[in-house]
Amino acid sequence: MRKLLLALAAPVLALGFALLVTTVILLLSGHPPLEVYRQMWDYGTQPDSIVLTINLSTTYYIAAVAVAVGFKMNLFNIGVDGQYRLAALFAAFVGGHVELPPVLHVGLIIVVAMVVGAMWAGVAAVLKNRRGVSEVISTIMLNYVATGIIAFLLAPDRFAELIEGSNNIGTKPIGPSGQVPGFDVVSGASSQIYGTIVLAVAVGVGFWWMLNRTRFGFDLRASGLSPTAATASGIDAKRMVLFVMLISGALAGLIGIPQLLGAAYTYNLDFPAGLGFTGIAIALLGRNSPIGIIFGSLLWAFLDVSRQILDLSGVSKEIVTIMQGVAVLSVVIAYELVRRYRITAQQRDVGRQLAAEAELAEAAA
Amino acid sequence: MSEPRSGTKLGLPTPGDVLSPLALQKRTFKLTGGRLAMLVCALIAVLSLVRIVTGAGELDSAGTIAAAIGFAIPIGMAGLGGLWSERSGVVNIGLEGMMILGTWGAGWAGVTYGPWWGLVAGTLFGALGGLLHAVATVTFGVDQIVSGVAINLLGLGVTQYLSTLVWPGQPTQSPSIPAIPTFTLPWISDTAKSIAQQGWFFVSDVASIVRAITFQVPYTTVIAIALLPITFFILWRTAFGLRLRSCGEAPYAAESLGVNVYLHKYVAVFVSGGLAGFGGAVLATVLSGIYREGQTQGQGFIGLAAMIFGNWRVGGLSAGSLLFGYTQAMQLRSGEAVHALLLVIVIGMVALAAWQLYRRRMVPGIVSLVVAGVVFFWYANTDSVPDQVSYVTPYVATLLVLSLASQRLRMPAADGKPYIKGQDH
C-alpha cells in the first residue's frame, strides 16, 4: 500500500504544483482560473477535440517512447528531433515517387523512415563508441545539421515541388495506395482517428515486451541502473549503446508517420517541428514507462488541443506551455524527493528491525 | 627506495616509459604568445592571398569582420556562461532557454526604460533561469540534462506568455529598442579605411581589421570582450576561482577541505545564466534592435559548442566564437565570398598535411591531403556553395573537433555528476 502511494505521490504532487503555479499566474494577470479551466475542459471534451487529442497523442506517444528507450539506460538521445524530420522527408520523398500495392507501399514508407532515423542516430552512437563523444552534444549538433540538410533538399529542383495555389513547397504527394484510412470511432465527430494509431499501439506493446520479457531489455535496464554492475555481469556497453541508439532512431523515424500517412501525405514547410523535444518532456512525465507515457501523451495532447479555445476568451494560450514546462521540471524533482524519502525510510526500517532483534537477543540472554 | 623510478618489479614498461619525455614533447604543441601571433599572421596572409586570387573582397572586408565580431558576441557570452557552469561541475543545456529569457528582458525593459536597462534586465532574466537550474540540479540533484531541457521549454513558454501580456496587439515581437551608443576612433578608422581600399597584400587586410574594431563599435562589444579576461582572472587567478573549479573536478575532495560546494555551484550557475542572458540581450538590442520570438535560433547551443570547441577554456571559446560568428556573417555575404572560402580551407588542409608529414604522422597527413584535394575539386567545379553549408559549419566543426581531437579535450572531471553533500563512497 505504501509502495503504491509513493509511486503515485510524485506525479500527483508535480501536477498539483504545476496547476498551482498556473493558477497563481492567471490570478496575477487578472483572469479567473476556474473559469479558464472550465472553458478548456468543455472545449477539450467535444467530439472533434477528442479525435484531435487522440491523433496528436499517437504522435506524441511514439516520440516519447523513442526518447524513453535511450533514457532507460541513461543514454540521452536529444537528437530525436532531427532524426524524425530527416526520416519523414526521405520517407515522403520515396513514398511520393513509387507505385506499389497498398500494404507494400505503406510498409516501404515505414521501413525507409525507420532506416533513415536509425542511421542518423547511428552517427551519434559511432561517435560515442569510437571517439568518446558525449551523445548529448553530438545529437544536439546533429539536429542542426539535419535542419541544414532538410533545407538543402527541400528545394524545387531537388526533393520538392511547388504546391499549387500557395508559396509552400513540399515533396510529391503520396498516392492513395500509400495513404492509411482513418476510423470513425468517436460519435458526432467530423474527423477520423488516424489508422496509424495501430502503429503506436504496436510500439507501446513492443517496448513493454522488450523491457520486461527479453534479455536485451534486462541488459538495457541493468545498464541504466548500474553501468559497472552491468559490465561486471558481461554486458557489452558499446554494443548496448549502438543497439539502443539504433532502436531509438528507428522509433524516431516513425514519429512523422501518423501525420504523413494520415493527413499531410507530403513533407512540406509546414510539417510539424519540435516533436522530438515534446517527446523528451513526455518521456520524463511518464517516467520512461510504456504505460506512464500513455497518460503523459494523452495529457499533453489534451492540453495542446484544449488551449486553442483560450485565445477567444482573451487568455493567451501560452499559459499552457508554462504549465507543461513546470510540470516536467516538478515531476523530475518530485521523483528525486520520493527516491530520497524511500532510501531514508528503508534505512529507518532496517534500523528498527536491527534494534528489535538486538532487544530479543538481549532478552534471551 | 632503491627501486628505479620507472619500470615495475616485473620489468614491464609503465605508462611513463612508453611516453618518454621526448615523445611527450613531440606530441604536445604548446600555444605560446609568439606562436599564436604567427598563426594569426599566417591566417591573414592566406585570406589576403585568396582575396587577391579570387577577387572576393568581402572575404575579409571591414564590414565582414565587424559583422563576424557582432555575431560572435552572443555566442561567446553563452559559451562563457557554459564555462562558468561546467567548470563548477554543472552541465548547462539550458543556455538556450536562459538566452531566450535574456532577449525578452532586453526587449521589455529596453523599450520601456532604454537600452542600458534592457541589458540589465536581460542579464537578470537569464540569471533567474540560471537560479532555477541551480535549484533543480544542485539542491534537488535532478539530472542536469533533464533540467536543462525543461528550462529551454520554460524559457520559451514564459516569454511567449509575457509577450501577450505586454504587447497584446502583436505578441511575437516588441517595438524597436533604442540603439546602444557606439564609438569611433576618428583619425585611425578613416586612415584604416583608405588603406583597406587599396587592396594591398596583407597590409590592407590588417587595415580592414583595424577599421572593423575602430568604427562604430557598440559599447556592448567592449563590455563583452572585457568579460573574457575578467572571467579568466576570476576563475584561474583567485582563490574563489580555484574553489569553484575544484567543485567541478573533485567536489568531495573540495568538501573535505572545507569548500562550500553548494554555494560555489549556485554562484557559478547563477552567473552562467546571467552571461547567457546578457548574450541574449545583446542579440536583441544590438544585432536586431528588436525582440522577436525565436530570434535566438539555437545560438545558446552554438555557444555551448564554442565552449567545447575551445576545450573548456576562455581563449579557446573566444576563438571558437569568432569562427562561428564568421560563418554566420558569411551567410549574409555574397556566394562568391563563401565560395572563395573553400580555397582557404584547401590551403589550410595542405598546410596541416605538410605539418603532419613533417612530424612523420603519415596516415593523418595523407587524409588531410585527400580532403584538400576533394575540397579543391569542389571549388574548381562549382561557382557557388549552397547557403546551408555555412549554416551547418559551426555544428559540423564542433563534431569534427570532438571526434578528431577528443584526446586533447578535457572537460572538468566531475562535470554532469550530481553532488550530494557527504555522500562520497
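Fair warning: this is a prediction, and the values are worked out from it, not measured in the lab.

1. Topic: the overall build of chain B
Helix and strand content of chain B: 18 helices and 2 strands. Over its C-alpha atoms chain B spans a radius of gyration of 24 Å, differing by no more than 12% from the 22 Å that the globule rule assigns to 425 residues. Structurally, chain B occupies a C-alpha span of about 80 × 60 × 40 Å along its principal axes. A buried classification covers 47% of the 425 residues belonging to chain B. Look at the contacts in chain B between residues 6 or more apart in sequence, and 77% of them connect residues 24 or more apart. Accessible surface, chain B: about 20000 Å² in total, of which carbon and sulfur atoms supply 69%. Counting 24 positive and 17 negative side-chain charges, chain B places the averaged centre of each group 11 Å from the other.

2. Some points on the domain arrangement of chain B
Residues and elements named next belong to chain B. Assigned domains within chain B: domain 1 (60-334 + 402-408) and domain 2 (335-383). Taking only C-alpha atoms into account, the centre of domain 1 sits 32 Å from that of domain 2. In this assembly, 4 residues from domain 1 lie in contact with 5 residues from domain 2. For the pair domain 1 and domain 2, the two sides together bury roughly 380 Å², of which 63% comes from carbon and sulfur. Among the residues domain 1 hides against domain 2, the three largest losses belong to Tyr326, Met330 and Ser334. Together they make up 93% of the total.

3. A few points about empty space enclosed by the protein
Residues and elements named next belong to chain B. Counting across every chain of the model gives 2 cavities of 30 Å³ or more. The calculated volume of the largest cavity comes to roughly 40 Å³. Taken together, Ile100, Thr103, Leu156, Thr159, Tyr291, Arg292, Glu293, Gly294, Gln295 and Thr296 make up the full set of residues lining the largest cavity. Where the lining of the largest cavity is concerned, the elements lending two or more residues are helix 5 (95-113) and helix 7 (144-166). Partitioned by chemical class, the residues of the lining of the largest cavity number 3 nonpolar, 5 polar and 2 charged. Along the walls of the second largest cavity sit Val90, Thr137, Val138, Gln144, Lys265, Pro418 and Tyr419, which together make up its complete lining. Classifying every residue of the lining of the second largest cavity by side-chain character gives 4 nonpolar, 2 polar and 1 charged.

4. What to know about a nonpolar patch on the surface
All names here are of chain B. A cluster of nonpolar side chains, namely Val350, Leu357, Met362, Val363, Ile366, Val367, Leu369, Val370, Val371 and Val374, defines an oily patch on the protein surface of about 830 Å² accessible area. Contributions of two or more residues to the nonpolar patch are made by helix 16 (335-358) and helix 17 (362-381). No other element matches helix 17, which puts 8 residues into the nonpolar patch. Here Leu369 is to be found in helix 17. Its relative accessible area of 41% is what places Leu369 among the partly exposed residues.

5. Some words on helix 6 (residues 115-139) of chain B
Note on helix geometry: an α-helix contains 3.6 residues per turn, so any two residues three or four positions apart are oriented the same way. Spanning 25 residues, helix 6 of chain B covers 35 Å between terminal C-alpha atoms, matching the ideal 36 Å at 1.5 Å per step. Positioned one or two residues after helix 6 of chain B, B:Gly141 has a phi angle of 65°, which is positive.

6. So, the packing of aromatic side chains
If you walk through the whole model with that rule in mind, you get 23 aromatic pairs over all chains. For the ring pair A:Tyr144 and B:Tyr395, a centre distance of 4.5 Å and an interplane angle of 10° mean the geometry is stacked. Separated into two different chains, A:Tyr144 in helix 6 (residues 135-153) and B:Tyr395 in helix 18 (residues 387-404) make up a pair that spans both. Through a chain of ring-to-ring contacts, three or more aromatic side chains come together here, namely B:Trp104, B:Trp108, B:Tyr113, B:Phe125, B:Trp167 and B:Tyr291. One cation-aromatic arrangement involves A:Arg158 over A:Phe152; the distance from NZ or CZ to the ring centre is 4.0 Å.

7. So, the interface of chain B and chain A
How big an interface is tends to be stated in terms of the accessible area lost upon association of its parts. With 41 residues of chain B in contact, the opposing surface of chain A contributes 39 residues. Taken over both partners, the interface formed by chain B and chain A buries close to 3500 Å², and the fraction arising from carbon and sulfur atoms is 80%. The largest share of the area that chain B buries against chain A comes from B:Phe140, B:Tyr161 and B:Leu399, three residues that together contribute 19% of it. Seen at the junction of chain B and chain A, the total is 0 salt bridges. Only helix 6, helix 7, helix 14 (299-309) and helix 18 of chain B provide two or more residues apiece to the side of chain B that touches chain A. Top element by residues in the side of chain B that touches chain A is helix 7 of chain B. It accounts for 13 residues. A per-class count over the side of chain B that touches chain A returns 27 nonpolar, 13 polar and 1 charged.

8. Things to note about the nonpolar core
Counting residues in each nonpolar core, the largest one holds 160 residues, and the members touching the most others are A:Leu220 and B:Leu83. Ranked by the residues each element gives to this core, the list is headed by helix 14 (residues 319-364) of chain A, at 14 residues. With residues near it in sequence (within four places) discarded, A:Leu220 still touches A:Val69, A:Lys72, A:Met73, A:Met210, A:Leu211, A:Met240 and A:Val244. Of all hydrophobic cores here, the second largest spans 21 residues; its members include B:Val50, B:Leu59, B:Ala340 and B:Val385.

9. Thoughts on the side chain of A:Ser316
Here A:Ser316 lies in the loop between helix 13 (290-306) and helix 14. A polar side-chain atom of A:Ser316 sits 2.9 Å from a polar atom in the side chain of B:Thr164.

10. A word on the environment of B:Leu283
All names here are of chain B. As for its placement among the helices and strands, Leu283 is situated in helix 13 (residues 261-288). Overall, the relative accessible area of 7% leaves Leu283 in the buried class. Here the alpha-carbon distance between Leu283 and Ser403, two residues 120 residues apart in the chain, equals 30 Å. With residues up to four places along the chain from it excluded, the contact list for Leu283 reads Pro74, Thr103, Ser288, Gln295, Thr296 and Gln299.

11. Remarks on the environment of A:Gly195
Residues and elements named next belong to chain A. Looking at where Gly195 falls in the secondary structure, it is placed in the loop between strand 2 (169-171) and helix 7 (197-213). Gly195 gets classed as buried once you look at its relative accessible area, which sits at 9%. In this structure the C-alpha to C-alpha distance between Gly195 and Gln308, which are 113 residues apart in sequence, comes to 24 Å.

12. What to know about unusual backbone geometry
Residue and element names in this part refer to chain B. Here the phi dihedral of Phe202 falls at roughly 65°; this positive angle occurs in a residue that is not glycine. Tracing the backbone shows Phe202 in the loop between helix 8 (186-196) and helix 9 (203-212). Within the chain, Trp312 stands out as a residue other than glycine whose phi angle is a positive 55°.

13. Remarks on the pattern of salt bridges
Summed over the entire model, instances satisfying the criterion amount to 15 salt bridges over all chains. Its salt-bridge partner being A:Arg215, residue A:Asp219 comes within 3.6 Å of it at the nearest N-O pair. In this pair, A:Asp219 and A:Arg215 both sit in helix 8 (residues 215-225), 4 residues apart, roughly one turn of the helix. On the basis of relative accessibility, which here comes to 62%, the residue A:Arg215 falls in the exposed class. Residue B:Glu249 pairs with B:Arg410 through a salt bridge whose shortest N-O separation is 2.9 Å. Of this pair, B:Glu249 sits in helix 11 (residues 239-249) while B:Arg410 sits in the segment after helix 18, and the two are 161 residues apart along the sequence. Through salt bridges with shared partners, a single ionic network connects A:Glu35, A:Arg38 and A:Asp42.

14. Re helix 8 of chain A
Residue and element names in this part refer to chain A. Buried residues of helix 8: Phe216, Gly217, Asp219, Leu220, Ser223 and Gly224, and no others. Viewed end-on, helix 8 has its buried residues packed into an arc of 160°, placing them on one side of the element. With respect to the buried face of helix 8, the exposed residues turned more than 90 degrees away are Arg215, Phe218 and Leu225. On its buried face, helix 8 is in contact with helix 3 (47-71), helix 7, helix 9 (227-232) and helix 10 (237-254).

Cut-offs used in this document
- Residues numbered from 1 in each chain as written.
- Chains lettered and ligands numbered in written order.
- Predicted model: local features only at pLDDT ≥ 70, side-chain atom pairs only at ≥ 80, totals over all residues.
- Heavy atoms only, no water.
- Helix = DSSP H or I, 4+ residues; strand = E, 2+ residues; numbered from the N terminus.
- Rg over C-alpha atoms; globule rule 2.2 N^0.38 Å.
- Buried < 20%, exposed > 50% of the residue type's maximum accessible area, 1.4 Å probe, protein only.
- Contact = heavy atoms within 4.5 Å.
- Areas by Shrake-Rupley, 256 points an atom, 1.4 Å probe, with all protein chains shown as cover.
- Lys, Arg positive; Asp, Glu negative; His and termini not counted.
- Charge placed at Lys NZ, Arg CZ, Asp CG, Glu CD.
- Domains from an automatic or database assignment.
- Buried area = accessible area lost by both parts, 1.4 Å probe.
- 1 Å grid on protein atoms, 1.4 Å probe; cavity = no way out; pocket = protein on both sides within 12 Å on 5 of 7 lines; lining within 4 Å.
- Points joined across faces, edges and corners; volume = space filled by probe spheres on them.
- Nonpolar A, V, L, I, M, F, W, Y, C, P; charged D, E, K, R; others polar.
- Patch = residues over 30% accessible without salt bridge, like charges linked within 9 Å, V, L, I, M, F, W, Y side chains within 5 Å.
- Salt bridge = Lys/Arg side-chain N within 4 Å of Asp/Glu carboxyl O.
- Expected span 1.5 Å × (residues − 1).
- Phe/Tyr/Trp six-rings, centres within 6.5 Å; stacked < 30°, edge-to-face > 60°.
- Lys NZ or Arg CZ within 6 Å of the ring centre and 35° of its normal.
- Core = buried A, V, L, I, M, F, W, Y, C linked by side-chain atoms within 4.5 Å.
- Polar contact = N/O pair within 3.5 Å; in protein donor to acceptor, adjacent residues only side chain to side chain.
- Arc of directions from axis to C-beta.

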